[in-house]
Amino acid sequence: DRGIAQLKQGDFAKAREALLAATVPNATSDVRADAYHNLALSFYREADGLAGENKHADAQKMFREAVDAAKRSLHLRPSDPNTAWNLELSARRMREEEQKKKEEDEQKEKDKQDQKDQDQKDQDQDQKDQQKQDDQQDQDRSAGQGFAETRRKDLR
């Protein structure tokens, strides 16, 4: 009961601690099945919150824990439709988070490659600008030398 109350308050860590205490082997199978069912719910709710914060890897781990707890509950009480539904929902969300994490990783890799490409373009442009500047300096020197030579000829 304490675990359920803490679950309702949103204190998932304390709820899981209390619910795990109810899963001891000397408890009845119904009590253990209920504890695992609620444990799965606790993991699911925390995972859902993490998913909302775009913490896909952490959410995926928590959904996996929810799946494991639901399976344990179903092992003890195979005919529970609510736990079966929670298991399916947790498994689906776990796959979704896996896909989101994969997409996020791919986007990061693409951004990294785009940044490399942009850096290369910037470097190429800097080299072109430097070459233009060097060419201009060479032209200026040539023009200055030509003027000096012309002037010397005029002075003779």
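Residues numbered from 1 in each chain as written. Predicted model: local features only at pLDDT ≥ 70, side-chain atom pairs only at ≥ 80, totals over all residues. Heavy atoms only, no water.

(A) Layout of the overall build of the protein. The secondary structure content of the protein amounts to five helices and zero strands. Ordering the α and β elements of the protein from the N terminus gives α-α-α-α-α. Relative to its full complement of 156 residues, the protein shows a buried share of 29%. Of the contacts formed within the protein by residues at least 6 apart in sequence, a portion of 54% connects residues at least 24 apart. Total accessible area on the protein is roughly 11,100 Å²; 46% of this is exposed by carbon and sulfur atoms. (Helix = DSSP H or I, 4+ residues; strand = E, 2+ residues; numbered from the N terminus. Buried < 20%, exposed > 50% of the residue type's maximum accessible area, 1.4 Å probe, protein only. Contact = heavy atoms within 4.5 Å. Areas by Shrake-Rupley, 256 points an atom, 1.4 Å probe, with all protein chains shown as cover.)

(B) Inspection of a negative patch on the surface at higher detail. Side chains of Asp 117, Asp 119, Asp 122, Asp 124, Asp 126 and Asp 129 sit close together on the surface and give a patch of like negative charge. Locating Asp 117 in the fold gives a position in helix H5 (residues 81-155). (Patch = residues over 30% accessible without salt bridge, like charges linked within 9 Å, V, L, I, M, F, W, Y side chains within 5 Å. Salt bridge = Lys/Arg side-chain N within 4 Å of Asp/Glu carboxyl O. Lys, Arg positive; Asp, Glu negative; His and termini not counted. Charge placed at Lys NZ, Arg CZ, Asp CG, Glu CD.)

(C) Spatial organisation of the pattern of salt bridges. Under the counting rule described, the total for this entry stands at 12 salt bridges. Note that Glu 96 and Arg 93 form a salt bridge whose closest N and O atoms lie 3.4 Å from each other. Note that Glu 96 and Arg 93 are positioned in helix H5 at a spacing of three residues, about one turn of the helix. Measuring nitrogen to oxygen at the nearest pair gives 3.7 Å for the salt bridge that ties Glu 97 to Lys 100. Note that Glu 97 and Lys 100 are positioned in helix H5 at a spacing of three residues, about one turn of the helix. Salt bridges sharing partners connect three or more residues here, namely Asp 30, Asp 34, Arg 77 and Asp 80.

(D) View of the nonpolar core. By size, the foremost hydrophobic cluster in this structure holds 20 residues, and its most contacted members are Leu 39, Phe 43, Ala 59, Met 62, Phe 63 and Leu 87. Where this core is concerned, the elements lending two or more residues are helix H3 (29-52), helix H4 (56-76) and H5. Contacts of Ala 59, omitting those with residues within four sequence positions, involve Ala 47, Leu 50, Ala 51 and Glu 97. (Core = buried A, V, L, I, M, F, W, Y, C linked by side-chain atoms within 4.5 Å.)

(E) Representation of the confidence of the model for the protein in the model. The share of residues in the protein with pLDDT of 70 or more is 90%, and the mean pLDDT across the chain is 86. Across the protein, the element-wise mean pLDDT spans from 82 in H5 up to 93 in H4. (pLDDT = per-residue confidence, 0-100.)

(F) Layout of H3. Between its terminal C-alpha atoms H3 stretches 34 Å, which fits the 34 Å expected from 24 residues at 1.5 Å a residue. After H3 finishes, the residue Asn 54 shows a positive phi value of roughly 60°. (Expected span 1.5 Å × (residues − 1).)

(G) Expanded view of unusual backbone geometry. Its identity is not glycine, yet Asn 54 carries a phi of approximately 60°, on the positive side. Inspection of the secondary structure puts Asn 54 in the loop between H3 and H4.

(H) The arrangement of the side chain of Asp 80 in detail. Along the chain, Asp 80 falls in the loop between H4 and H5. Since its relative accessible area comes to 14%, Asp 80 is described here as buried.

(I) Structural detail: helix H2 (residues 12-21). If you check which residues of H2 are buried, you get Phe 12, Ala 15, Arg 16, Ala 18 and Leu 19. With its buried residues spanning 165° around the axis, H2 presents them on a single face. (Arc of directions from axis to C-beta.)

(J) Inspection of the environment of Ala 18 at higher detail. The topology assignment puts Ala 18 in helix H2. The class for Ala 18 is buried, based on a relative accessible area of 13%. A C-alpha to C-alpha distance of 4.8 Å links Ala 18 and Gly 3, two positions 15 residues apart in sequence.

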